[in-house]
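# Breakdown of the fold
One-letter residues, chain by chain:
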Amino acid sequence: MIKLVCEAPALNRVFLELGPISIYWYGVIIVSGLFLGLFLATKEAERLGLQKDIMVDLVMFAAPIAIVFARIYYVTFEWERYANGPWWKVFAVWEGGIAIHGALIGAVLTTIIYARVKNISFWQLADIAAPSLILAQAIGRWGNFMNQEAHGGPISQSTYESFHQYLPDFIMNQMCIEGIMYHPTFLYESVWNIVVFTLLLLIRKYNPLRGELFLSYLIMYSIGRFFIEGMRTDSLYLFGPIRTAQFVSILLIIGAILIIIYRRKQKNIVRYNDVNKKGKKKRKKKKK
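Residues numbered from 1 in each chain as written. Predicted model: local features only at pLDDT ≥ 70, side-chain atom pairs only at ≥ 80, totals over all residues. Heavy atoms only, no water.

## Here's the deal with unusual backbone geometry
With the exception of glycine, the majority of residues adopt a negative phi angle, and the majority of peptide bonds are in the trans configuration. Residue Gln 148 is not a glycine yet carries a positive backbone phi of 55°. Mapped onto the elements, Gln 148 comes out in the loop between helix 5 (122–147) and helix 6 (157–166). The partly exposed category is assigned to Gln 148, whose relative accessible area is 23%. Here Asn 268, not a glycine, exhibits a phi torsion of approximately 60°, which is positive. (Helix = DSSP H or I, 4+ residues; strand = E, 2+ residues; numbered from the N terminus. Buried < 20%, exposed > 50% of the residue type's maximum accessible area, 1.4 Å probe, protein only.)

## Focus: the confidence of the model for the protein
When pLDDT is averaged along the protein, the result is 88, and 91% of the positions lie at 70 or above. In the model, residues 276–288 has pLDDT below 50 throughout and makes six contacts with residues more than four positions away in sequence or in other chains. (pLDDT = per-residue confidence, 0-100. Contact = heavy atoms within 4.5 Å.)

## Regarding the pairing of strand 2 (residues 21–24)
Where strand 1 (residues 14–18) and strand 2 come together, four bridges link them in antiparallel fashion. From the neighbouring strand, Leu 18 faces strand 2, where its bridge partner is Ile 21. Taken together, strand 1 and the strand that follows it, strand 2, pair antiparallel across an intervening segment of two residues, in which Gly 19 is found at a positive phi of about 65°. (Pairing = 2+ DSSP bridges.)

## A look at the packing of aromatic side chains
Applying the stated rule across the entire model yields 14 aromatic pairs. Here the aromatic rings of Phe 122 and Phe 214 are separated by 6.3 Å at their centres, their planes lie at 80°, and the arrangement is edge-to-face. Of this pair, Phe 122 sits in helix 5 while Phe 214 sits in helix 9 (residues 212–229), and the two are 92 residues apart along the sequence. Here Phe 122 falls in the buried class, since its relative accessible area comes to 18%. We classify Phe 214 as buried; its relative accessible area is 6%. By the ring-pair criterion, three or more aromatic residues cluster together here, those being Phe 122, Trp 123, Phe 214, Tyr 217 and Tyr 221. (Phe/Tyr/Trp six-rings, centres within 6.5 Å; stacked < 30°, edge-to-face > 60°.)

Quick look at the structure:
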């Protein structure tokens with residue numbers, strides 16, 4: 001651990017102040033990632049011949065439910081922090097403290113119910129959403145950056161010199177907290193998520209079996225999260241030294257692989273683009 005004189009003050013966490021109301025960068029960045037992901041998912045759903053507003057309607061239900069589940073998940077594993085009050089801190093999402101695994105649970109449950117109501121394949125919706133989810137996560141990590149949270153432990157002198165050579169000053173300054181430079185694990189995960197996003201787009205081009213794009217997202221994201229989580233200083237713990245995110249990541253990797261193996265043994269499983277062909281045929285008939 002090395003002590004530093006931070007070259008510049010930390011960035012202001014507040015994006016905009018409207019009288020007594022403060023809008024934080026954290027929320028702005030999260031919402032920006034959500035809208036970009038929704039835009040991409042909507043375009044893909046249209047390409048596959050689905051209704052134009054199918055993904056918009058899904059997100060209207062899934063987004064708030066995911067946030068609630070993300071907060072419940074976080075507060076559950078950090079209960080000692082909130083047990084003695086004040087009670088309203090439990091709802092103070094603007095101060096940070098939401099867990100992506102909780103959000104994922106809420107989003108998946110909502111999508112399952114939504115798919116049944118709309119009589120649409122859950123796997124189809126999940127496949128369409130997968131690249132958008134990981135892209136939104138990549139963008140969302142910069143909200144952690146603005147809050148100076150989700151970082152790793154202190155860096156060594158040699159690591160500092162290497163970072164100073166390659167990382168821009170605004171990242172270096174923001175990761176310099178009270179004179180100590182920390183690993184920018186938010187950046188590691190953001191970069192990994194961009195890699196996963198790119199790989200998912202490549203996998204999609206090869207027309208995988210329906211469901212495998214979403215399951216590949218779970219596997220690849222969880223691999224990166226497992227290793228990056230081990231570097232963080234703000235981890236939630238299941239029991240003893242067992243970090244919750246690492247434990248859940250292992251479960252997701254094993255579960256997703258087993259589901260892929262099981263589904264590949266089934267007969268007549270459609271592929272990702274099969275609906276696309278039907279959609280084109282329908283449009284041609286309408287033109288006639």
